[in-house]
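Chain by chain, the residues:
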Amino acid sequence: MPPLKSILVMAERSSDAQAALQKAFVIARHFDARIELVACDAEQAWTARLPTRADEGLEARAARDLDSRRYLDALRSTVLADDLQIQAGADCEGPLHEGLSRRVRAAGHQLVVKRLPRREGRRRPALTPADWQVIRACPVPIMLTRGRPWRPLPRFVANVDDGAPGEVVEVARYLAEGCHGDFEVVHANTNAGGNGTAATPGRDAAPALAAVAPSHEIDVVVLRACGHGPEQDAARIALTEKIVEQLDCDVLLMPRARPH
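This write-up is about the structure you can find in this document. (Residues numbered from 1 in each chain as written. Predicted model: local features only at pLDDT ≥ 70, side-chain atom pairs only at ≥ 80, totals over all residues. Heavy atoms only, no water.)

## Brief notes about the pairing of strand 9 (residues 250–254)
In terms of burial, strand 9 is a largely internal element, five of the five residues being buried. A two-sided burial pattern is seen for strand 9, the buried positions comprising Asp250, Leu252 and Met254 on one face and Val251 and Leu253 on the other. With three bridges joining them, strand 5 (residues 142–145) and strand 9 adopt antiparallel strand pairing. Counterpart to Leu144 in the pairing with strand 9 is Val251. Where strand 8 (residues 220–224) and strand 9 come together, five bridges link them in parallel fashion. Bridged to Val222 within strand 9 is Leu252. (Buried < 20%, exposed > 50% of the residue type's maximum accessible area, 1.4 Å probe, protein only. Helix = DSSP H or I, 4+ residues; strand = E, 2+ residues; numbered from the N terminus. Pairing = 2+ DSSP bridges.)

Structure below.
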């Protein structure tokens with residue numbers, strides 16, 4: 001993983017964006033990184049896209065930008081940190097997953113932080129199709145957080161399978177060392193019928209990770225969410241969703257590995 005010097009925080013009004021900012025703040029303090037806040041409401045991205053008249057479109061966009069700026073400034077004010085650079089960026093243009101990817105590449109961010117919705121006994125998956133669009137398009141690791149504070153010595157667990165595990169382990173170790181935390185590895189097999197120690201699709205993910213530590217003692221699970229080929233991709237998605245839904249910890253999803 002390149003030196004972590006820039007973090008993008010997805011500020012979504014539909015979720016508690018302050019929790020994402022607070023988690024980015026903790027990481028930035030350890031790595032002396034800057035933070036950029038970006039308004040990432042999917043419906044906002046297309047506001048004023050199809051105006052009946054050009055002048056009406058410009059007015060609508062200006063109003064949207066002003067509203068987003070006020071929202072981000074208010075969010076920024078919740079963190080008192082004169083020693084850290086926290087800035088509010090412009091809205092993403094076009095579809096969220098495309099605009100976010102462009103912003104990450106253009107600004108040179110090495111990490112994206114996104115707030116996961118609170119657990120409210122719902123039956124729908126924690127990760128929506130829109131979330132998966134962002135995850136698949138994001139060119140850098142993306143951290144999904146529920147806002148639970150890390151322990152003083154946070155525990156990072158790399159959940160690896162047979163597909164290019166080196167980068168997952170490398171990133172987990174890098175973050176653990178930078179945050180003065182603990183680091184461990186769980187070897188998984190996301191192929192159906194495999195002999196790995198972690199869960200395969202259709203089985204619980206929590207017991208495999210609990211073999212390393214109780215779930216309340218795991219602060220971050222690092223894994224690759226997407227694979228190459230339909231079977232590997234489906235298996236990794238299933239495992240990712242189980243971990244997100246079953247464990248009350250942060251989940252760091254690595255971008256799709258480049259084929260060898």
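And the narrative resumes.
## Looking at the packing of helix 4 (residues 96–107) against helix 5 (residues 129–137)
Orientation of helix 4 relative to helix 5, taken along the N-to-C sense of each, is 30°, at an axis distance of 9 Å. When the axis of helix 4 is compared with that of helix 5, the two are roughly parallel. Crossing of helix 4 over helix 5 shows right-handed handedness. Mapping the contact onto sequence places Leu96, His97, Leu100 and Ser101 in helix 4 and Gln133, Val134 and Ala137 in helix 5. Tallied by class, residues from the contact of helix 4 with helix 5 come to four nonpolar, three polar and no charged. (Axes fitted to C-alpha atoms, helices over the stretch in contact; angles between N-to-C directions. Parallel < 35°, antiparallel > 145°, perpendicular 65-115°, else oblique. Left-handed = near helix turned anticlockwise from the far one by under 90°. Contact = heavy atoms within 4.5 Å. Nonpolar A, V, L, I, M, F, W, Y, C, P; charged D, E, K, R; others polar.)

## As for unusual backbone geometry
Positive phi outside glycine occurs at Asp32, with the angle close to 55°. Here Asp32 falls in the exposed class, since its relative accessible area comes to 55%. Here His180, not a glycine, exhibits a phi torsion of approximately 55°, which is positive. You can see His180 is positioned in the loop between helix 6 (166–178) and strand 7 (182–187).

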